[in-house]
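# Observations on chain architecture
These are the residues of each chain, in order.
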Amino acid sequence: MVLTGGGDCPGLNAVIRGIVKRASQEKDWEVVGCIESFNGVLREPTEIEILDENRVAGLQIQGGTILGTTNKGGPFAWPVKNADGTWSTADRSDEMLRKLQYLGIDAVINIGGDGSQRISLGLYNKGLNIVGVPKTIDNDLSMTDYTFGFQTAVQICTDAIDKLVTTAASHNRVFIMEVMGRDAGWIALHSAIAGGADVCLIPEIPYDIEKVRTKIEECYSHPMGSPIYQRRRGNCIIVIAEGAKPKGGGVTGTVTGEVGYQHIKLGGIAEKLAEDLKAMGVEHDIRCTILGHLQRGGTPIAFDRVLATEFGVRAMEFVLEGRFGQMVAYHHPDIVGVSLEEAVRTPHFIDPNERLVHTAKGVGIELGE
């Protein structure tokens, strides 16, 4: 059985296709898909579908996931509405394992990020034959060089910067572009370097707003154009991850109250930064662009299609080899296996002393340190 959990990202369908295409070469294996992560098994009636070569034909170019996905609830924390109208959670993992056995499921491939693989580990410890496939546009799983979907998200953000540069120059504006990245700033940092941004603010480095203001003024420090213009002219591009925070402050977001959703819903840091800069006396015209779920959608680029297909094929081979309790991972140039316990032990955050940070500083990008 194959399922996709957590946020969607480009390449999920390519993984599903890789699994099914590889399984089709074996005589005794049938692949089924579970709708919306484990929810399809936990619901009544059960929501699963047979996945054959006809069903997955051409999926490598399609974004999203044909199985649907969710980042709410799960077998260990199933939302339950109480008699008084409040909500609590119930552990339905044992019930789900019994149902999988009843359905004749021999193995599960769980495609998802950190939260999904923690569920994989919990189910493996309860005896389920399970293999993990890493998925996150944030690239925040430490035991794989890259996760599929990340490069596509970076390309989308870079394309957006390229477009903002021309309108910023035309109007002499400061543009603040907010990108995804709850705890890890990989998307922001890669796209800032690729797009030639002036400022990049990431969760791993709390920013000093005074340094941001100083960099903005540097971008307007030289007269441009015809001598008839007396005021300074210029523009500034700021890329900020949604999880970035000022020194001494916290993240910007809201508690949604959505049933089964465990996180603070991040968003609004771009507008907050704009207001804070205006309050400091920055007089330049400031505009904000929030890419949001655009980064998750659309056709995966070739790199992510290839990586996702490699992950899918190798995950199915792990099942055939009985290598359960492992997650497939990219260790250039190989696709290897790592234990689920290792996979979720330490997140992949940006080290302020690492090479890519050094590169950003080397081309003059202000990180707000």
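Residues numbered from 1 in each chain as written. Predicted model: local features only at pLDDT ≥ 70, side-chain atom pairs only at ≥ 80, totals over all residues. Heavy atoms only, no water.

### Comments concerning the overall build of the chain
Keep this limit in mind: Each helix corresponds to a stretch of at least 4 residues labelled H or I by DSSP, and each strand to a stretch of at least 2 residues labelled E; elements are numbered beginning at the N terminus. Just to be clear, the radius of gyration here is over C-alpha atoms, and the globule rule we use is 2.2 Å times residues to the power 0.38. Relative accessibility thresholds used throughout: buried, under 20% of the residue-type maximum; exposed, over 50%; partly exposed, between the two (1.4 Å probe, protein chains only). Per-residue and other accessible areas were derived by the Shrake-Rupley procedure at a 1.4 Å probe size, with only the shown protein chains allowed to occlude residues.
In terms of helices and strands, the chain carries 12 helices and 15 strands. Over its C-alpha atoms the chain spans a radius of gyration of 23 Å, differing by no more than 12% from the 21 Å that the globule rule assigns to 369 residues. Across the 369 residues that make up the chain, the buried fraction comes to 50%. Accessible area of the chain: about 16,500 Å², with a carbon and sulfur share of 49%.

### So, the pairing of strand S14 (residues 326-331)
Selection rule: Strand pairing is defined by DSSP finding a minimum of two bridges between the two strands.
Within S14, 5 of the 6 residues are buried, leaving the element largely enclosed by the surrounding structure. Where strand S7 (residues 130-134) lies against S14, 2 bridges are found, and the strand directions are parallel. The residue of S14 that forms the bridge with Val131 is Gln326. Relative to strand S15 (residues 334-339), S14 is paired through 6 bridges, and the arrangement is antiparallel. The residue bridging Tyr330 from the neighbouring strand is Ile335, located in S15.

### Observations concerning the packing of aromatic side chains
To keep it simple, the criterion reads: Pairing of aromatic rings covers Phe, Tyr and Trp, the last through its six-membered ring, and needs centres within 6.5 Å; plane angles under 30 degrees mean stacked, over 60 mean edge-to-face, and all others mean tilted. By definition, being over a ring means that NZ of Lys or CZ of Arg is both within 6 Å of the ring centre and within 35 degrees of the ring normal.
For the coordinates displayed, the defined rule picks out 3 aromatic pairs. Consider the rings of Tyr146 and Phe303, whose centres lie 6.0 Å apart with planes at 85°: the pair is edge-to-face. Here Tyr146 is found in the loop between S7 and helix H6 (150-171), whereas its partner Phe303 is found in helix H10 (residues 302-321), with 157 residues between them in sequence. These aromatic residues form a ring-pair network of at least three members: Tyr146, Phe150 and Phe303. Between Arg92 and the ring centre of Trp78, over which it is positioned, the NZ or CZ distance is 4.9 Å.

### Concerning the packing of helix H7 (residues 186-195) against helix H12 (residues 355-362)
Definition in use: Only the stretch in contact is used when fitting a helix axis, every axis being a line fitted to C-alpha atoms; angles between N-to-C directions are given from 0 to 180 degrees. Angle categories are assigned with fixed cut-offs, so that under 35 degrees is roughly parallel, over 145 is roughly antiparallel, 65 to 115 is roughly perpendicular, and the rest are oblique. Handedness of a crossing is defined here by the sense of rotation of the near helix relative to the far one, left-handed for an anticlockwise turn of less than a right angle and right-handed for a clockwise turn. Any two residues whose heavy atoms approach within 4.5 Å at even a single point are treated as in contact.
Taken N-terminus to C-terminus, the directions of H7 and H12 make an angle of 40°; their axes are 10 Å apart at the nearest point. Relative to H12, H7 is oriented oblique. Two packed elements cross with a definite hand, and for H7 against H12 that hand is left-handed. Across the interface between the two elements, Trp186, Leu189, His190 and Ile193 of H7 pack against Leu356, Val357, Thr359 and Ala360 of H12.

### Thoughts on the sheet that holds strand S8 (residues 174-179)
Within the open sheet, the 4 strands sit side by side as S9-S10-S8-S13. Their pairing is parallel. Both outer strands of the open sheet, strand S9 (199-201) and strand S13 (286-290), are each paired with one neighbouring strand and no more. Strand after strand, the sheet turns through a mean of 15° between neighbouring axes, direction not considered. In this structure, S8 lies alongside strand S10 (residues 236-241), joined through 6 bridges in parallel fashion. Counterpart to Val179 in the pairing with S10 is Ala241. In the packing of H6 onto the sheet, contacts are made with S8, S10 and S13, and the angle to S8 comes to roughly 165°. Seen against the sheet, helix H8 (residues 209-219) touches S8, S9 and S10 and runs at an angle of roughly 150° to S10.

### What about H8?
Selection rule: Whenever a nitrogen or oxygen atom comes within 3.5 Å of another N or O atom, the pair is scored as a polar contact, on the condition that within protein one atom can donate a hydrogen and the other can accept it, and that pairs from neighbouring residues in sequence are kept only if both atoms are in side chains.
Here H8 has its buried residues at Val212, Lys215, Ile216, Glu217 and Cys219. The opening residue of H8, the one whose side-chain oxygen lies 2.9 Å from the backbone nitrogen of Glu210, is Asp208.

### Looking at unusual backbone geometry
Here the bond from Glu44 into Pro45 is cis, since omega is 0°, no more than 30 degrees from zero. For Pro45, the position within the fold is in the loop between helix H2 (39-42) and strand S3 (48-51). Cis geometry is adopted by the peptide bond preceding Pro333, which originates at His332 and carries an omega value of 5°. Checked against the element boundaries, Pro333 lands in the loop between S14 and S15. Here the phi dihedral of Glu36 falls at roughly 55°; this positive angle occurs in a residue that is not glycine. With relative accessibility at 27%, the residue Glu36 sits in the partly exposed group.

### Some thoughts on the packing of H8 against helix H9 (residues 269-279)
One way to put it is that H8 packs onto H9 with a least axis distance of 11 Å and a crossing angle of 75°. Comparing the axis directions of H8 and H9 gives the class roughly perpendicular. Residues Ile209, Val212, Arg213 and Ile216 of H8 pack against Leu273, Asp276 and Leu277 of H9.

### Focus: the pairing of S7
Formally: If you view a crossover with the strands going away from you and the path from the first strand over the helix to the second runs clockwise, you call it right-handed.
Most of S7 sits out of view: 5 of its 5 residues are buried. Neither face of S7 is exposed, since Ile130, Gly132 and Pro134 on one face and Val131 and Val133 on the opposite face are all buried. Across 5 bridges, strand S6 (residues 108-112) lies against S7 in parallel orientation. Counterpart to Asn110 in the pairing with S7 is Gly132. Handedness of the crossover is the feature at issue here: the chain leaves S6, passes through helix H5 (residues 114-125), returns alongside S7, and the resulting connection is right-handed.

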